[in-house]
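Each chain, written out:
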Amino acid sequence: MPPRAPLFPDREHRLGLAELGALGRRRTLWGLALAVILPALVQSAIVAAGYRNLVMILLLQLAAAVAVAAIGGIWPAVVAAVVGMLLVTWFSTEPVDSLVVASPEVAAELVIFLGVASAVGLAVGAAARRYEQAARAQADARAMAELARGILGSGGSIVDFLERARAALGLRAVTLIDRREPETAQAEAPGWEVVASVGEAPPVTPAAADGAVAADERYTLLAGGRMLEPADLRMMQAFGAYLVAIRQGRQLESSREANRRLEEGNSIRTSILRAVSHDLRTPLSGIKLSVSSLRQNGVDFSPEERAELLATIEDYTDRLSVLVGNLLDMSRISADSVTPLLRAVRWREVVHGWPGAGQARVQDRVSAAAPAVEADPVLLERVVANLVENALKHAPDSPVELEAGVGGPGPEGGRLTGELRVVDHGGGIPPDQLLAVFNPFQRSGDSGDRAGGIGLGLAVAKGFVEAMGGRIEAEQTPGGGLTMRVILPLAEPAEPAEPATDDGALPPSADDGGLPPSADDGALPPSADDGGHSPSVGAAP
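Residues numbered from 1 in each chain as written. Predicted model: local features only at pLDDT ≥ 70, side-chain atom pairs only at ≥ 80, totals over all residues. Heavy atoms only, no water.

Draft legend 1. Focus on the overall build of the protein chain. A tally of helices and strands in the protein chain yields eleven helices and eleven strands. Counting only residues that meet the buried cut, the protein chain has 40% of its 541 residues in that class. As displayed, the protein chain has an accessible area near 28900 Å², and 59% of this comes from carbon and sulfur atoms. (Helix = DSSP H or I, 4+ residues; strand = E, 2+ residues; numbered from the N terminus. Buried < 20%, exposed > 50% of the residue type's maximum accessible area, 1.4 Å probe, protein only. Areas by Shrake-Rupley, 256 points an atom, 1.4 Å probe, with all protein chains shown as cover.)

Draft legend 2. Quick look at the sheet that holds strand 2 (residues 191-199). Spatial strand order, 2-1-4-3: four strands in an open sheet with antiparallel pairing. Bordering the open sheet on either side are strand 2 and strand 3 (211-214), each of which pairs with just one other strand. Mean inter-strand twist for the sheet, computed between neighbouring axes without regard to direction, equals 25°. Across four bridges, strand 3 lies against strand 4 (residues 219-224) in antiparallel orientation. Across the sheet, A214 pairs through a bridge with T220, a residue of strand 4. (Pairing = 2+ DSSP bridges. Axes fitted to C-alpha atoms, helices over the stretch in contact; angles between N-to-C directions.)

Draft legend 3. Fine view of a negative patch on the surface. Taken together, the side chains of D300, E304, E305 and E308 present a region of like negative charge at the surface. Take E305: its relative accessible area is 39%, and that puts it in the partly exposed class. (Patch = residues over 30% accessible without salt bridge, like charges linked within 9 Å, V, L, I, M, F, W, Y side chains within 5 Å. Salt bridge = Lys/Arg side-chain N within 4 Å of Asp/Glu carboxyl O. Lys, Arg positive; Asp, Glu negative; His and termini not counted. Charge placed at Lys NZ, Arg CZ, Asp CG, Glu CD.)

Draft legend 4. Inspection of the sheet that holds strand 10 (residues 471-476) at higher detail. The strand order 6-8-9-11-10 describes an open sheet built from five strands, whose pairing is mixed. A strand with exactly one partner marks an edge of an open sheet, and here the two such strands are strand 6 (362-364) and strand 10. Going across the sheet, the axis of each strand differs from the next one's by a mean of 30°, ignoring polarity. Relative to strand 9 (residues 416-423), strand 8 (residues 400-409) runs antiparallel, the two sharing seven bridges. In the sheet register, V406 faces strand 9, and the bridge partner there is G418. Lying over the sheet, helix 10 (residues 377-394) contacts strand 6, strand 8, strand 9, strand 10 and strand 11 (482-489), oriented at roughly 170° with respect to strand 11. (Contact = heavy atoms within 4.5 Å.)

Draft legend 5. Structural detail: the side chain of T483. One can find T483 in strand 11. For T483, a relative accessible area of 5% translates into the label buried. Within the structure, T483 has its side chain in polar contact with the side chain of T477 (distance 2.6 Å). The residues contacting T483, other than those within four sequence positions of it, are R421, V422, V423, E473, A474, E475 and T477. (Polar contact = N/O pair within 3.5 Å; in protein donor to acceptor, adjacent residues only side chain to side chain.)

Draft legend 6. Examining helix 3 (residues 54-72) more closely. For helix 3, which comprises 19 residues, the first-to-last C-alpha distance of 27 Å matches the rise-based estimate of 27 Å (1.5 Å per residue) to within 8%. Within the span of helix 3, buried status applies to L54, I57, L58, Q61, L62, A64, A65, V68, A69 and G72. For helix 3, the buried positions fall inside an angular range of 160° around the axis, keeping them on one side. Capping of helix 3 at its N-terminal end is provided by N53; its side-chain oxygen lies 3.1 Å from the backbone amide nitrogen of V55. (Expected span 1.5 Å × (residues − 1). Arc of directions from axis to C-beta.)

Draft legend 7. Region of interest: helix 11 (residues 457-467). Across the eleven residues of helix 11, eight count as buried, placing the element largely inside the fold. Within helix 11, burial applies to G457, L458, A459, V460, A461, G463, F464 and V465. Directly beyond the C-terminal end of helix 11, a positive phi value near 85° is found at G469.

Draft legend 8. Region of the structure containing the environment of P203. Looking at where P203 falls in the secondary structure, it is placed in the loop between strand 2 and strand 3. When its relative accessible area of 6% is taken as the criterion, P203 is described as buried. Between the alpha carbons of P203 and A173 there is a distance of 7.5 Å; along the sequence they are 30 residues apart. When neighbours within four sequence positions are excluded, P203 is seen to be in contact with A173, T175, A208, A209, L222, A223 and G224.

Draft legend 9. Spotlight on the nonpolar core. Counting residues in hydrophobic clusters, the biggest one holds 51 residues, and the most contacted among them are W347, L380, L387, M484, V486 and L488. Broken down by element, the residue count for this core peaks at eight residues, all from helix 10. Not counting residues within four places of it along the chain, the set of residues in contact with L380 comprises V345, W347, V350, A375, M468, V486 and L488. Grouped together as the second largest cluster of nonpolar side chains are 22 residues, L169, A215, L228 and F239 included. (Core = buried A, V, L, I, M, F, W, Y, C linked by side-chain atoms within 4.5 Å.)

Draft legend 10. The arrangement of the packing of helix 2 (residues 25-49) against helix 3 in detail. At a minimum axis separation of 8 Å, helix 2 and helix 3 run at an interaxial angle of 165°. Between helix 2 and helix 3, the interaxial angle falls into the category roughly antiparallel. The way helix 2 lies across helix 3 gives a crossing that is right-handed. Across the interface between the two elements, R27, T28, W30, G31, L34, A35, L38, P39, V42, Q43 and I46 from helix 2 touch I57, L60, Q61, A64, A67, V68, A70, I71 and G72 from helix 3. (Parallel < 35°, antiparallel > 145°, perpendicular 65-115°, else oblique. Left-handed = near helix turned anticlockwise from the far one by under 90°.)

Draft legend 11. How the structure looks around the packing of helix 2 against helix 4 (residues 74-92). Put simply, helix 2 and helix 4 touch, their axes get as near as 9 Å, and they point 20° apart. In terms of orientation, helix 2 and helix 4 fall into the roughly parallel class. Classified by chirality, the crossing of helix 4 by helix 2 is right-handed. Residues T28, G31, L32, A35, V36, P39, A40, Q43 and V47 of helix 2 form the contact with helix 4, whose own contacting residues are P76, V79, A80, V83, G84, L87, V88, F91 and S92. The class makeup of the residues in the contact of helix 2 with helix 4 is 13 nonpolar, five polar and no charged. (Nonpolar A, V, L, I, M, F, W, Y, C, P; charged D, E, K, R; others polar.)

Draft legend 12. Highlighting the confidence of the model for the protein chain. A residue-level look at the protein chain finds 74% of positions with pLDDT of 70 or above and a mean pLDDT of 75. Note that pLDDT drops below 50 for residues 445-453; the model gives that stretch 25 contacts with residues more than four away or on any other chain. This stretch, residues 500-541, has a pLDDT under 50; its non-local contacts, to residues over four places away or in other chains, come to 126 contacts. (pLDDT = per-residue confidence, 0-100.)

Draft legend 13. View of the side chain of R348. Secondary-structure assignment places R348 in helix 9 (residues 347-351). We classify R348 as buried; its relative accessible area is 4%. Within the local environment of R348, its side chain forms a polar contact with the backbone oxygen of V366, the two atoms lying 3.0 Å apart.

Draft legend 14. Highlighting the pattern of salt bridges. Summed over all chains, the structure comprises 15 salt bridges. For E349, the salt bridge identified is with R343, shortest N-O distance 3.9 Å. For E349, a relative accessible area of 14% gives the class buried. Of the charged contacts in the structure, one is a salt bridge between E475 and R485, with a shortest N-O distance of 3.9 Å. Remark: R485 occurs in strand 11 and E475 occurs in strand 10; sequence separation between them is ten residues. According to the relative accessible area criterion, E475 is partly exposed, its value standing at 32%. Several salt bridges share partner residues, and in doing so they unite R365, E401, E403, E419, R421, R471, E473, E475 and R485 into one network.

Have a look at this one:
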C-alpha cells in the first residue's frame, strides 16, 4: 500500500512569502505591468459593451487577476485584484464615477472579490513557484545523471570533472583545494593547496570565492563568477560527493596496483631464491670441481683431460653469464627501467646479428625486402636469440623457420606493423597454456639433454618487446609445434631495402648496435635454462 501524502508539506518544505514572490525580476516586472494594464483593458471592454451584471464583471476581473498571478506571482496578483476592485467600484457600482458604494451588499461583494482574487493569486503563484522549482530540480538531476554517466563511462581526470561542474552551474571558474593543517602550533589557520582549477581567474582561497562547498573534511570546491543560490549549493555538494568517490576509488585502485606489484616482486624474489639454490649452485660446483682438479699437484692430466676440464669451466661460466643476465634483465623489466633506443631496424640485420645465426637447423626465410620496424636492435637481437634457442631446444629433431612480413594495423586502428615468426615443429603445448609460457619462472619438461633453468627466457623476450611498443604472441603451428610472433610497428618513413650479398644474406653489421658474430663453429652458447619454452641466450647486459 503506497504511503499517504500529507495534507500540508513539512515545515522545511513550505514556501514563505518571500519565496512566493521570487519568480525572477523580469517576470515580476511583467506581472506588475499587466496588473495595471489587464484589469483596465477588461473594464474598458465592459464599459464599451454596456454590460451591467456585477457578478460577471467581478468574475472577469478575477480571471485577469489569475492571469497576472500565473505570470508575475502573488504580489502582482494582489495589485491586479486591488486595481480591478477600484475599477469596478468606479465604473460599475452606484453611484457611478465615484469610489463610494451605496449598497452594503455590493460592498461585501467587492471585499469578497478582493479576498478571493488574492487567495487565487496566492495559489497560482505558489503553483508557479513549485513548477519553477521542479523544473530546476529536474534540470539539476539531468545534469547530475549526465555527469555520473560521463564519470563512470570515461574515467576522466579531475580537470574534466571540474569543467563539467562549471558548465552545469554556469560559473566562470571552479577550483578544488586541499586543506593543509598548520605544521606548527604557532600557526593560526590551516593553509590551502590548489589541486586543480578550470575557467578564467579561478579563486584559490575560500575568502576569494563567490561560493565554497566542503566536499569532505579535506577537500573544498570553490566557485567563481556569481553568488550561489541554495539550489546551486546543493548541486555543488552533489558534485563534491562525486569527487570524493572518484578520489577514493582512484586511491583504492592505486593501492590495489601497489599490492599487486609487491606480490609480484615477492613471487619473483622467492623464485630467484629457489633458483639460486640449484640452478646457480650447479655450475658453480662444476667450476669449483674442475678448478680444484687442475690445481692438484699429484695428478698428471693428459692434454685431452686438461682441455675437457677447461671446456667444462667455460661451459659452466657461459651458463652463469646467461642466468645472471636474464635475472638482471627481469629485474629491469619488473622495475619498468628498460629504455629502448628506437630506430628503423630490418629483420635481416637482427636475424644475422646474433651468435649462432649460422646453425644448420635454422632455416632463414626472411626476405631482404621486408620493411623496417621501429625497434632497439640490441634488445631485438636478444628477443630473437631467446625465441630461436627455445625452438631449437623443444624441437630437437626438426628445423626452425624464420619468416618476416607485414602484419595488420596495431591496436585501435593504429599504424601498420611488421612481424617475425619463429616456427618450430616440435611437440607444442596445449592451447590453454599459450599465455602462461611468458610468465617468469615458468618451466616445463625439457626435450633436450641440457640442465634445467630458471625459466626467464620468454619472460625477458616479452618484456623487451613490450618496452619497444610491440607485442609477442604464441600460437600452435599447423601440424604440431609452436609459433612465436614478434609484432612491432613499422618504421616511418620506411627505408629502402638493402641489397643482398651473393649468397642472399646480409653480413653482420658492427655499427647497428647488434651483437658481434660468434667466432666459433656457430653453435649456441651453452644454457642452463630449460625455460619451458623459456630459454635465455645472448650476452648479459
